[in-house]
Each structure stands twice: as C-alpha cells, then as structure tokens.
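Structure assessment
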Amino acid sequence: MTDCIFCKIIRGEIPCTKVYEDDAVLAFDDIHPMAPVHVVIIPKTHVATLMDVDAKEGTIGRLIAAAQEVAGIKNVAASGFRTVVNCNADGGQVVFHLHMHLLGGRKLEDQMG
Ligand code: AMP
Ligand code: ZN
C-alpha cells in the first residue's frame, strides 16, 4: 500500500531508528514513546489489522520471534515488558499496518485500558 506510513518506513522513504530487522520483520523506536523502551515491530508485508492476518501463516510467529530479539537488544528480557497489538477504532489503532508495540524499562501500569 503506497501511502501507508509504515510501508514508507520499510521502503526507506521515511527515516526510523532501527532496532532489529530480518527478512520478514522490521522493528524501530516509537516516535512518541510511552515508556523508556517503546519499540514498534511490523511485518514487511502490508497487512492492515490483526483481523486481516492469516493466523495459520507465519506472520504472528515472526513478530513474536522479533519481540524476543528486541527484548534482548533493549535489555528488558529479564526485567519484563508488555506487548500490545491495537485493532481498529475501539482498540486505539491509528496506523493501519499491523504492528506490535513492545513497552518496558519501567514498571507498567496494571490497567489494560
Ligand atoms: P497504534 O495506535 O497502535 O496504531 O500505534 C501507532 C504507533 O506508531 C504510535 O505509537 C505512534 O507513535 C507510532 N508512529 C507513528 N508514526 C511513526 C514514525 N514515523 N516513526 C515511529 N513511530 C511512529
Ligand atoms: Zn503498510
């Protein structure tokens, strides 16, 4: 999708602070961090929302594998972190390219919304 902001980041048309990359996934620092560690993890193939993912295909597993890598790189694997995937309006999704937030570096609030 040409005008998708995360596709533009994948194509290098918009800069990002890269944290991790492999053949399927790109991870970069969130531009408006909600915690000392706040990384956005995206598949390199455009998928709009969680509801559009074929769960039997490998995308979600690749995002989880990347989250493990990012947690190690950001040194929050032992202290802990939270992953969040917002979906559609009530879920608070703003960018319609599937992404997983990885938050950590401090004790996160108990509430889930
Ligand atoms: P969501 O509300 O789940 O759609 O989250 C989208 C996230 O993308 C927000 O946390 C934004 O701060 C983040 N974001 C948007 N544009 C950029 C960008 N150019 N670089 C890094 N993060 C971004
Ligand atoms: Zn996209």
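Everything below is about the structure printed above this text.
Residues numbered from 1 in each chain as written. Chains lettered and ligands numbered in written order. Predicted model: local features only at pLDDT ≥ 70, side-chain atom pairs only at ≥ 80, totals over all residues. Heavy atoms only, no water.

Thoughts on the pairing of strand β1 (residues 18-21)
- Where β1 meets strand β2 (residues 25-29), three bridges bridge the pair, whose relative direction is antiparallel. Within β2, the position partnered with E21 by the bridge is L26.
- Hairpin connection between β1 and β2: a loop of three residues separates the two successive antiparallel strands. (Pairing = 2+ DSSP bridges. Helix = DSSP H or I, 4+ residues; strand = E, 2+ residues; numbered from the N terminus.)

Overview of the packing of aromatic side chains
- On inspection of all chains with the given rule, the structure shows one aromatic pair.
- Plain terms: the ring middles of F6 and F28 are 5.5 Å apart, the flat faces sit at 75 degrees to each other, and that makes the pair edge-to-face. You can see F6 sitting in helix α1 (residues 5-10) and its partner F28 sitting in strand β2, a full 22 residues away along the chain. Here F6 and F28 have matching classes, each one buried. (Phe/Tyr/Trp six-rings, centres within 6.5 Å; stacked < 30°, edge-to-face > 60°. Buried < 20%, exposed > 50% of the residue type's maximum accessible area, 1.4 Å probe, protein only.)

A few points about the pattern of salt bridges
- Taken as a whole and judged by the stated rule, the model has seven salt bridges.
- We note a salt bridge from K44 to E21, for which the minimum N-O separation is 2.8 Å. With K44 in the loop between β3 (37-43) and α2 (59-73) and E21 in strand β1, the pair connects residues that are 23 residues apart, well separated along the chain.
- For K44, a relative accessible area of 26% corresponds to the partly exposed category.
- Salt-bridge contacts for E109 lead to R106; the nearest nitrogen and oxygen are separated by 3.4 Å.
- A relative accessible area of 39% places E109 in the partly exposed class. (Salt bridge = Lys/Arg side-chain N within 4 Å of Asp/Glu carboxyl O.)

Interpretation in functional terms is not warranted from these geometric data alone.
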